[in-house]
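Per-entry structural report
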Amino acid sequence: MWGLLSIELYKIAKRPRTYIAFAAIAAIVLIFQFAFKADGKSYMDLMLQNIQDNFEVDKKLAINGYFMCYLILNTLLVQVPILVALVAGDSISGEANMGTLRLILTRPVSRSEFLWAKFIASGIFTVALLIWMAFLSLLVSTWIFGVDDMLIFRVKGDESQILQIAANDVLWRYVAAFAYAAVALMVIASLSILLSVYAENSIGPIVATVCIVVFLTIVSNINVPIIDKNVKPWLFTTYMVGWKGFFYIGTDADGMPISGSVENWASIRNSISILLAHIVLFFGWAQYAFRKKDILS
Amino acid sequence: MKTNIKYGLLAFLLFISFQSYAQSIEQLVKQVRERLDQVVDYEADGIMKTNVSFLKIPVSKVTMYYKKPNKLKLKSASGFSFLPKGAVNINMNQLLQDDNYTIIDEGTEVWKGVNVRVAKLLPQNDEDDIVLSTLYIDPNNRVILKSKTTTRENGSFELEMKYGKYIGMALPDKINFTFHTKDYKLPKGLTFDFDDGKKTSGIKKNPTKGMAEITIKSYKLNKGVSDQVFK
């Protein structure tokens, strides 16, 4: 299995498209950092416009490394599924397209092991992507913008809220959020692998994954009560932003944030369970389909 | 003999209370001002607890700087903080810094169990930002316990002060600052929020009223404060 996995990792490392993902993330993060370094005040003015008459806020301190990382993740984690699909969607169909799939499976390797190797390699790629993202958006941002308490702007039901998390209570939340994001992105990877099993070329599963994710994300963000109640709970994209739950700090009766707490642990646990269930479903389905598949290429 | 002592004591108490009541409001305000005048500058360390419906922010360490005649600055001592803008009104010295106001005696009132004299201050200068101030003065300790201030451009503020070991200098240990806020609204969908299923309490706090409670731990009195602090 380790041999198979090494080969898969070598293949991923050798493909130029792998590095497109890393380059795209670097470009987006650096543009964000440049824009906020140059004129982050305008963004803060927009977010704080209602309360500036009553409160004096040092916007320079508010735009700090922790805040920047949250903002970047908020934008990037919508795009990263596309980058994961670029690699995972190519895993089986790429082999089929090049005619190497049948050749590989003539070797003493079970189809199940082969698919597991593809799945784990996609997982390692996803984690590497997240580590790269964490390095750029968290470490580089804290180096550029410094560290201070973190602000979260949030709409909860009919209320808008501003949450402030103490600087010494932030880091563990990012570790948890990145771990959550890894699970969420593995759902995309397993969906891509599933679609890849059915395809003979790479474009189909990659485009199909992107279309499914974009469509479901749009549905997940439509604020219509009937969809909220009956449709959203069934869509994995609803839970993709669950990492934010770690930043919704719990408060006491006076509205004071409680250090080390989150508002709703049960909801985060539930979201992780649903995402894991999707991974099992998609990858289990892929295993079944791959074992039954007539490999003609 | 005993009866005579009783009558004597009663007469003395009546005299004292009459003196106190008879004291003109102008005199009382002047006495308060004289006590405040003892303070040339101070640097006060304390903690601030903010209670506004849409703000979920922790207790922050603050430092308050004052320098005669009217410089006052509230600064966060621990990095980023939301500081109420009307904090300038915490400064009673500024309110009473000159005689350029008309005092109206509003009589007496019992406020939180204390008999207070109520004075309305109307600035004579039309350009002044303060339109009207109502002071609730403890005549025995000659300190302001509460004030309500209406300004031309910064809305209305209410201050409640509790005194402790610095009462001699008429400096409070605790200040409750109540002010008006606008409701905070962000457009839905702007922040791509995660619905964690936790419902709001249903009992919405008054979104247009906020409160900041500053508890002063220590004052450094008349030790000199640099003008740079107020920039």
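The preceding data block contains the structure.
Residues numbered from 1 in each chain as written. Chains lettered and ligands numbered in written order. Predicted model: local features only at pLDDT ≥ 70, side-chain atom pairs only at ≥ 80, totals over all residues.

Digging into helix α7 (residues 111–145) of chain A
All names here are of chain A. Under the 1.5 Å per step criterion, the end-to-end length of α7 is 49 Å for 35 residues, consistent within 8% with the ideal 51 Å. Approximately 25° is the largest bend angle found in α7, and it occurs at Phe 135. Directly beyond the C-terminal end of α7, a positive phi value near 80° is found at Gly 146. (Helix = DSSP H or I, 4+ residues; strand = E, 2+ residues; numbered from the N terminus. Expected span 1.5 Å × (residues − 1). Bend = angle between axes of the 7 residues up to and from the residue.)

Some details on the interface of chain B and chain A
Many analyses report the size of an interface as the accessible area lost when the parts associate. Every contact between the two is made by 31 residues of chain B and, on the other side, 42 residues of chain A. Where the side of chain B that touches chain A is concerned, the elements lending two or more residues are β2 (55–56) and β5 (82–84) of chain B. Per element, the largest residue contribution to the side of chain B that touches chain A is three residues, and it comes from β5 of chain B. Broken down by class, the residue content of the side of chain B that touches chain A amounts to 14 nonpolar, eight polar and nine charged. Here three bridges tie strand β1 (residues 55–57) of chain A to β5 of chain B, and the two strands are oriented antiparallel to one another. From the neighbouring strand, Phe 55 of chain A faces β5 of chain B, where its bridge partner is Pro 84 of chain B. (Contact = placed C-beta atoms within 7 Å. Nonpolar A, V, L, I, M, F, W, Y, C, P; charged D, E, K, R; others polar. Pairing = 2+ DSSP bridges.)

As for helix α2 (residues 25–37) of chain B
It helps to recall that an α-helix has 3.6 residues per turn; residues three or four apart then point in one direction. All names here are of chain B. Taking 1.5 Å of rise per residue, 13 residues should cover 18 Å, and α2 covers 18 Å from first to last C-alpha, within 8% of that figure. If you check which residues of α2 are buried, you get Ile 25, Leu 28, Val 29, Val 32 and Leu 36. Seen from one end, α2 has its buried residues packed into an arc of 100°, which puts them on one side. Exposed side chains of α2 directed beyond 90 degrees from the buried face belong to Gln 27 and Glu 34. (Buried ≥ 20, exposed ≤ 12 C-beta atoms within 10 Å, placed from the backbone. Arc of directions from axis to C-beta.)

So, the nonpolar core
Judged by nonpolar contacts, the single largest core of 94 residues is most densely connected at Val 84, Ala 181, Ala 184, Val 187 and Ile 193 of chain A. For this core, the element with the highest residue contribution is helix α8 (residues 171–197) of chain A, accounting for 17 residues. The residues touching Ala 184 of chain A, leaving out its near neighbours within four places in the chain, are Tyr 239, Met 240 and Leu 275 of chain A. Ala 119, Leu 135, Ala 170 and Tyr 219 of chain B belong to the second-largest nonpolar core, a separate cluster that totals 32 residues. (Core = buried A, V, L, I, M, F, W, Y, C linked by C-beta atoms within 7 Å.)

Describing the pairing of strand β6 (residues 101–111) of chain B
All names here are of chain B. The pairing of β6 with strand β7 (residues 114–123) spans nine bridges and is antiparallel. Residue pairing for β7: Ile 104 is matched across the bridge by Lys 120. Linkage of β6 to β7, two consecutive antiparallel strands, is achieved through a turn of two residues, within which Lys 112 is found at a positive phi near 50°.

In short, the description is geometric, and any link to function would need to be established separately.
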